[in-house]
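Report on the structure
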Amino acid sequence: MSFRNLSWQDRINYLYNNSDLDESSLEILKHYGDDDYSLINENYVTNYQLPEGIAVNIKINNKEYFIPMVTEEPSVIAALSYAGKMAINGTQAFIDDNLVRGQIVYSLQANLNFDDVKNYIKNNETELLNKANEAYPTILNHHGGAKKLIVRNIDNTFISIDLFVDTGDAMGANIVNTMLEGLAKYLNKKFSLTSLIDILTNDGTSHLVTVTANIPVENLSKSFNFDEGLRIAKIIENLSSLAQLDVSRAVTHNKGIMNGVDALVVATGNDWRAVEAGAHAYACNDGKYKGLSIWQVKDNNLFGKLTLPLHLGIVGGSIKSLPIAKVNNNLLSIQTSRELNEIVASVGLLQNLAALRALGTEGIQKGHMHLQYRNYALSAGAKLDEVQRVVDELSICKHASVTEAKKILQKMHNKKA
């Protein structure tokens, strides 16, 4: 039996007959599945759904945005929307370079001298860039293409010839990999060797996005009290400093940034795994893992700064084949990938602000658990008109849980009877 050659319906039936799926599970697979998606994913059976919501109050480079976010975390969207209110002047974001980097790697051998390779690449760079462009010529129609080459000696063991490509408004993985393979084929003949790899890297140091925010300290206080706001700002500053010094804090600090980043990246059909890998690598760019953002109190303002390696696309790949990704790009009202990168980095900084403020005031759990109570209510079987009452009851429980929600529901139903 070749599972991949079965039709969509036959795959589901095969799983039902050869696993622990029950009738209700089978119906769920069918309900969320769609034969139109069969060619998008290997061995497709269904669509795994995550909720999408919209964060509001977000201003970036003096433009307001609706931010679509795909996440199962109940407090992320509420927190980001609140951070947007605190950052009343919005964020400022900018990008220096926006190039995707790829590697052609050779093992250093007696007949392959690093200096000779470096000099050859330097003296023939224009010709080699043309060779790369010949492998994917349509990129030139979009004002993109191969831009530069550098050569690195990796621990006297490998030589990496790094190609930097402007991929336009596409994320560009397939573009860069095609160009690398074309250039490697030419270099293999030149060196009479076979390259070890020809593939892009998710090292994002060639496409960094920097975003800043300047927040009046009184905005950190719900009552807009200056003294209270200044106290909160200093706590946020201390938490930021701690994330620069302690890996254990830095990991969770950065996770809070990625809560917002990932939710938006997923919503736009981009590769959130590449974004995660690049971000965490950049967090230890100087040899020690640190918090990606820095917050400081300056002249009665809380100043925040975040630099993230981001190279997202608005065309091509899954962005084209996933209808909801196109809808979300329309919601964002964006025209270029550069703008999307700036938005995502800004979301990361604001999400971080909300998390640090919560840590420094009422704590993470208060807001998080209030929203989690709704999930408990729904998991217990509450109908929409019953949810709020269950939430109210759970909020005064010593140990709120799905089990407690079921007890509350049972009491409600008994009274109705």
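As shown above, the structure is provided for reference.
Residues numbered from 1 in each chain as written. Predicted model: local features only at pLDDT ≥ 70, side-chain atom pairs only at ≥ 80, totals over all residues. Heavy atoms only, no water.

**Here we look at the overall build of the chain**
As a reminder, the rule being used: In this text, helices come from DSSP runs of H or I with a minimum length of four residues, and strands from runs of E with a minimum of two, each type numbered from the N-terminal end. Think of it in three bands: residues with accessible area under 20% of the maximum for their type are buried, residues over 50% are exposed, and the middle band is partly exposed, with areas taken using a 1.4 Å probe on protein chains only. Two residues qualify as a contact provided that any one of their heavy atoms is within 4.5 Å of a heavy atom in the partner residue. For the area figures, the Shrake-Rupley method with a 1.4 Å probe applies, and any residue is considered shielded solely by the protein chains shown.
Broken down by element type, the chain carries 15 helices and ten strands. By principal-axis analysis of the C-alpha atoms, the chain measures approximately 85 × 70 × 40 Å. Per-residue burial for the chain yields a buried fraction of 46% across its 417 residues. Restricting to contacts in the chain with at least 6 residues of sequence separation, those with at least 24 account for 68%. Split by element, the accessible area of the chain, about 21,500 Å² in all, is 50% carbon and sulfur.

**Comments concerning the pattern of salt bridges**
So the rule is basically this: Within this document, salt bridges are pairs made up of a side-chain nitrogen of Lys or Arg and a carboxyl oxygen of Asp or Glu, the two lying within 4 Å of each other.
This structure, assessed with the given rule, holds eight salt bridges. In this structure, the salt-bridge partner of D271 is R273, at a minimum N-O distance of 3.1 Å. Where salt bridges share partners, they join R101, R152, D162 and D203 into one cluster.

**Observations concerning the pairing of strand β9 (residues 293–298)**
What counts, and what does not: Any two strands with at least two DSSP bridges between them are considered paired.
With six bridges joining them, β9 and strand β10 (residues 301–309) adopt antiparallel strand pairing. In the strand pairing of β10, I294 is matched with K305. Between the end of β9 and the start of β10, which pair antiparallel, lie two residues, with D299 showing a positive phi angle near 50 degrees.

**Structural notes on the nonpolar core**
The test is simple: Remark: nonpolar core denotes a set of buried residues (Ala, Val, Leu, Ile, Met, Phe, Trp, Tyr, Cys) joined through side-chain atoms within 4.5 Å.
Core analysis: the biggest nonpolar cluster contains 56 residues, and I67, M69, L220, I343 and L353 have the highest contact counts within it. If you tally residues by element for this core, the top one is helix α12 (residues 337–360), at ten residues. If we skip the residues at most four places from it in the chain, L353 touches A83, M86, I215, L220, I236, W295 and L302. If you look at the next biggest cluster of nonpolar residues, it comprises 31 residues, including I139, L149, A173 and L200.

**Comments concerning the packing of helix α1 (residues 8–18) against helix α2 (residues 23–32)**
Let me state the cut-off plainly: Note on geometry: axes are lines fitted to C-alpha atoms, helical ones only across the stretch in contact, with angles between N-to-C directions running from 0 to 180 degrees. For classification purposes, angles smaller than 35 degrees are called roughly parallel, those larger than 145 roughly antiparallel, those between 65 and 115 roughly perpendicular, and all remaining angles oblique. Definitions for this section: a left-handed crossing has its near helix turned counterclockwise from the far helix by less than a right angle. A right-handed crossing has that turn clockwise. Classification used: nonpolar for Ala, Val, Leu, Ile, Met, Phe, Trp, Tyr, Cys and Pro, charged for Asp, Glu, Lys and Arg, polar for all others including Gly.
The contact between α1 and α2 brings their axes to 11 Å, and the two run at 160 degrees. What the angle tells us is that α1 and α2 run roughly antiparallel. Both α1 and α2 take part in a crossing whose hand is right-handed. Residues W8, Q9, I12, N13 and Y16 of α1 lie in contact with α2, whose contacting residues are E23, L26, L29 and K30. Per-class residue counts for the contact of α1 with α2 are five nonpolar, two polar and two charged.

**Structural notes on a nonpolar patch on the surface**
Put simply, the rule is: To count toward a patch, a residue needs a relative accessible area above 30% and no salt bridge. Like charges then connect within 9 Å, nonpolar side chains (Val, Leu, Ile, Met, Phe, Trp, Tyr) within 5 Å.
On the surface, I54, V56, F66, I324, V327 and L331 cluster together into a nonpolar patch covering about 480 Å² of accessible area. For the nonpolar patch, the elements supplying multiple residues, two or more each, are β1 (52–60) and α11 (323–332). Considering each element in turn, the nonpolar patch owes the most residues, three residues, to α11. Inspection of the secondary structure puts V56 in strand β1. Residue classification places V56 among the partly exposed residues on the basis of a relative accessible area of 31%.

**Observations concerning the packing of helix α5 (residues 125–135) against helix α6 (residues 173–191)**
Relative to each other, α5 and α6 sit at 130 degrees, their axes nearing to 7 Å. Comparing the axis directions of α5 and α6 gives the class oblique. Pair α5 / α6 crosses with right-handed handedness. Note on element contacts: α6 touches α5 through T178, M179, G182, L183, Y186 and L187, opposite E127, L128, K131, A132, N133 and A135. Per-class residue counts for the contact of α5 with α6 are seven nonpolar, three polar and two charged.

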